[in-house]
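# What the coordinates show
Each chain is listed here by its residues.
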Amino acid sequence: MSQTATAQAEAPKKKPMSMSTLVLLSFAAGIAAGLFFGEMLAWMSIIGDAFVKLLQMTIIPYIMVSLISSLGHLSYQQARSLALNVGKLMLVIWVFGLGLMYLIKFTFPSWQAGDFFSLSVLQDPAPVNLLDLYIPANPFFSMSNSYIPAIVLFCVATGIALIGIEDKSALIKPMQLLGEAFNRVTGYIVKLMPLGIFAMTAATAGTMEIEEFQRLQVYFAAHVVMTVILTYWLLPALVAVMTPFSYRDLTLIARDALITAFAAGNIFIVLPLLIEHTKALFHKYNIGSDDTDDYANVIIPVVFSFPNLGKLLTIVFVLFAAWFAGAELDFATYLPMAINGLISLFGSVYLTVPMLLDSLQLPSDLFQLYMVSSLFTSRFTSLLAAMNLFVLAVGGTAMLAGHAKLNPRRLLLYAGATPVVLGGILLGTALLLEKVVDTDYVMDDVVANMTSAESLPEDVRNFVPRVLPPTSAPRGLDAIRESGVLRVGYNPLQVPFSFYNADNRLVGLDVEMMNKLAGEIGVDLAFIPYASDTVLDALNRGRFDVVISGLQMTTRRIQYVGFTNPVLTLHYAFVVKDHRADEFATDEMVRRAGPLTVASVGDYSIIPLIEKRFSNIRFERIESDRQFFEDDGERWDALLISLEAGKAWTMLYPEYTTLYNRKEIKSFPVAYVVAKENIELRLFLNSWLELQRSSGYVDSLYNYWILGQNAQPKKPRWSVIKDVLGWVKEKP
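How each quantity is defined
- Residues numbered from 1 in each chain as written.
- Predicted model: local features only at pLDDT ≥ 70, side-chain atom pairs only at ≥ 80, totals over all residues.
- Heavy atoms only, no water.
- Buried < 20%, exposed > 50% of the residue type's maximum accessible area, 1.4 Å probe, protein only.
- Helix = DSSP H or I, 4+ residues; strand = E, 2+ residues; numbered from the N terminus.
- Axes fitted to C-alpha atoms, helices over the stretch in contact; angles between N-to-C directions.
- Left-handed = near helix turned anticlockwise from the far one by under 90°.
- Contact = heavy atoms within 4.5 Å.
- Nonpolar A, V, L, I, M, F, W, Y, C, P; charged D, E, K, R; others polar.
- Pairing = 2+ DSSP bridges.

Turning next to helix α14 (residues 255–264). When you tally the buried positions in α14, you get 8 out of 10 residues, the bulk of the element. Considered for burial, the residues of α14 that qualify are Ala257, Leu258, Ile259, Thr260, Ala261, Phe262, Ala263 and Ala264.

This is the structure in structure tokens:
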């Protein structure tokens, strides 16, 4: 044999790259590809979705066969011991986890909140049928809908029933074989992991807006920091002080499963891996047996149905939401909210988050932020959830097998190091966020710079003629066209219907509607400001052709002038100073607040009802909403206003907040007004409004001026190939 051949024979074989390394490389490559190609890789989400579905294919069957067969192997005493020991460990994890989560709020920088009106404030969260979720009246229905708690209950009941049956091996053995087969199928699919992770990551990195990350960077930082603390400190420490396993073993042996859960953003797909890693850890220390294997098979599917710390990270979002909305959340309020959230998380986060926001009287439309942020945070949530399940399986198995014993030296070590570690991480996070996060209030600029939902025709001009021809009677449509000018009465301080923006241009929903009308009938516009106490008489005398600015229809007004069909339906609300919001929280608190003076523009039809309900409230008429805000709380305690307009005003004046009662929220119509005898013009406007509604024009204005959609111009998605290299031209 030649020396070269001998050297090649003696050279050690190079170890193949581990799956966790491949997954991490795929994750990094996906981010790089997404940043380089941008939205061109959006199609790859299909590959990612297909991969996740393949991984999910065997999960529910595996849970069923492993849970039933493993429980069937136990004795009644072992099953009872499992419930008690794992339950105690789970309770300890919940207590420590919820306590640590509250500390994250102290890292948030100071912030002034504000947001547009959202239709979600009028809607209750979609109900979830908890009976279907937890009770498998039809196990096949539960399986088809992936109701894991109900499936687990069915399997636990079946497995416990098997304990008392003597001749059960005929069923258990085939189920164990099926479990092994499902594991093999999962193993084959896992080999595709690098491809699937690359596709998912590239699609996400290529489509998610940079601005979305910037808007939520405080929550992202809080979520990531809390995930790191809980995953790599609290959970391993709790198990390390009571088992023979070292911190290193606990964090390394399940590394593949943790990385997979993180990269895929899905805990469901790694359950079989967590079970196998739990078994492997016990066998590594030579304390593994058939019993420890059975415990691992049972514990993970069972505890999966209970809230884990990954799910409980929704509490961090609620803390962020309170900060984002400018609300203070002390520990006395946090504790019952957290406990309520823990109980609710036996169901779905999509029910829990809106419920918690509502319980703290936070804007429910913040739930939309949760949905957007979940594209990023779901990966960290899955990482923490995977470690939580793994720690419960390891700790619970150790207790059941008699290998759990408190280690005083480790306990003292972790007890002493924890304040130092937590203090350092939280302080560093707070300093970083204070320096990096831009918390300048900008929503007042957004409202002040709003211009138009759509481009206006070039031939439409806004002007006020120097001299208006005298008139003593309302004008019909022919007279308006003949004069070439449509006279529109408006309130210059009626945000968001008619107001002057930062460029001193008259804008607003009603202003834009009148521009559209003038353009279509071929006349110019004369916008003429009115005084609210004389506008109706001036209209009937012919001073104006049409009066706008979100004017409410009331019984008194329709006796004197002619209203068109309703343009919009608005909702009543109060606006108060932020620090006085508690005084208006409930009816009883309002009555205990003493004499209250409430300002209002116009005669709202709900005023008599409020005066009858609250004898301590007195209303005062003001000329414009701005009077209330410029008064700074000296004369008036609250302002009665529409919820939609109130949201816009509180963005201009962020030290105020809008209050409403979802259970008793009441609405009122607003319309345009013409002279009482001007039936011809009113009929024309009614028909014209119907055309605008059917064409979607009214909806487009509503989305822009009321909901704030596209109020902040959206920039094209940045990518290297387009914005740096210039190889791809931007689509017009």
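On we go.
Moving on, we come to the packing of helix α5 (residues 76–103) against helix α12 (residues 217–240). α12 packs onto α5 with a crossing angle of 145 degrees between their chain directions and a minimal axis gap of 11 Å. Once α5 is placed against α12, the crossing between them reads as right-handed. Between α5 and α12, the residues in contact are Val92, Ile93, Phe96, Gly97, Leu100 and Met101 and Met226, Ile229, Leu230, Leu234, Leu235 and Leu238, respectively. Partitioned by chemical class, the residues of the contact of α5 with α12 number 11 nonpolar, 1 polar and no charged.

Turning our eyes to something else, we now look at the pairing of strand β10 (residues 596–600). Most of β10 sits out of view: 5 of its 5 residues are buried. What you see with β10 is no split at all: Leu596, Val598 and Ser600 on one side and Thr597 and Ala599 on the other are buried throughout. When β10 meets strand β11 (residues 617–621), the two strands line up parallel, connected through 5 bridges. Residue pairing across strands places Ala599 opposite Glu620, the latter belonging to β11. By the bridge criterion, 3 bridges tie β10 to strand β12 (residues 638–642) in an arrangement that is parallel. Residue pairing across strands places Ala599 opposite Leu639, the latter belonging to β12.

All right, on to the sheet that holds strand β3 (residues 493–494) then. As summarised here, the arrangement of the 3 strands in space is β3-β4-β5, forming an open sheet in which the pairing is antiparallel. Looking at strand neighbours, the two that pair on one side only are β3 and β5 (506–507), the edges of this open sheet. Examined bridge by bridge, strand β4 (residues 498–500) and β5 share 2 bridges and lie antiparallel to one another. Counterpart to Phe499 in the pairing with β5 is Val507.

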